[in-house]
Amino acid sequence: MTEAAERFFESLPARAPDVLGGLADGTLQIDLGSDHRTEHWLVRMRPGSVQVSRERGPADAIWFSSAALFDRLITGEAQGVAAVLRNESTFSGNVVLFLAFRRFFPDPPGTRDPREVARRAARRST
């Protein structure tokens, strides 16, 4: 497990009130594979709160990713849904939990909110 991933999981409880809305209610097991071993994280999500432990299930959903891919996700260099669609990671169970959890990942570097871009363009034209 990388230090960046450790810090990411440690940050979740403090960030949850700003990130998680009302639909996230359940437990997501995240399995990170590296060098023929798997590390487990259990993330219990409730509206506005998260509890994280280094345990295995029971879980409402399970997401498997390589540790290397996860490191790219937590830096915004990769996108979770795209990784699942490309079969770089796998997911089973309650998809709402996966979609809620991905909100903890940062946007890709250099990404700008299109609404803010439009606001700036409108200000320049007036």
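Every value quoted in this text rests on a predicted model; they were computed, and no experiment measured them.

Participant: Please explain unusual backbone geometry as it appears in this structure.
Facilitator: Among all residues save glycine, negative phi is the norm, and among peptide bonds the norm is trans. With a phi close to 50°, D35 is a non-glycine residue in the positive phi region. Looking at the element boundaries, D35 is found in the loop between β1 (26-34) and β2 (37-46).

Participant: I'm lost on the sheet that holds strand β5 (residues 90-93) in this one. Help?
Facilitator: Across the sheet, which stays open at both edges, the five strands sit in the order β3-β2-β1-β4-β5 with mixed pairing between neighbours. Edge positions in the open sheet fall to β3 (49-53) and β5, since each of these has one partner strand only. Going across the sheet, the axis of each strand differs from the next one's by a mean of 20°, ignoring polarity. Bridge count for β1 against strand β4 (residues 61-66) is six bridges, and the pairing is parallel. For Q29, the partnering residue across the bridge sits in β4 and is I62. Where helix α1 (residues 3-19) meets the sheet, it contacts β1, β2 and β3, and its direction lies at approximately 155° from that of β3.

Participant: Looking at this structure, I do not really get the pattern of salt bridges. What am I missing?
Facilitator: Pairing is possible between side chains of opposite charge, provided their charged atoms come close. In the structure shown here, the tally under the stated rule is seven salt bridges. For the salt bridge of R7 with E3, the shortest nitrogen-to-oxygen distance reads 2.9 Å. In this pair, R7 and E3 are both assigned in helix α1, four residues apart and thus about one turn of the helix distant. On the basis of relative accessibility, which here comes to 47%, the residue R7 falls in the partly exposed class. Across the pair E88 and R86 runs a salt bridge, and its minimum N-O distance is 3.2 Å. On the basis of relative accessible area, E88 is assigned to the partly exposed category, the value being 36%.

The rules behind each value
Residues numbered from 1 in each chain as written. Predicted model: local features only at pLDDT ≥ 70, side-chain atom pairs only at ≥ 80, totals over all residues. Heavy atoms only, no water. Helix = DSSP H or I, 4+ residues; strand = E, 2+ residues; numbered from the N terminus. Pairing = 2+ DSSP bridges. Axes fitted to C-alpha atoms, helices over the stretch in contact; angles between N-to-C directions. Contact = heavy atoms within 4.5 Å. Salt bridge = Lys/Arg side-chain N within 4 Å of Asp/Glu carboxyl O. Buried < 20%, exposed > 50% of the residue type's maximum accessible area, 1.4 Å probe, protein only.

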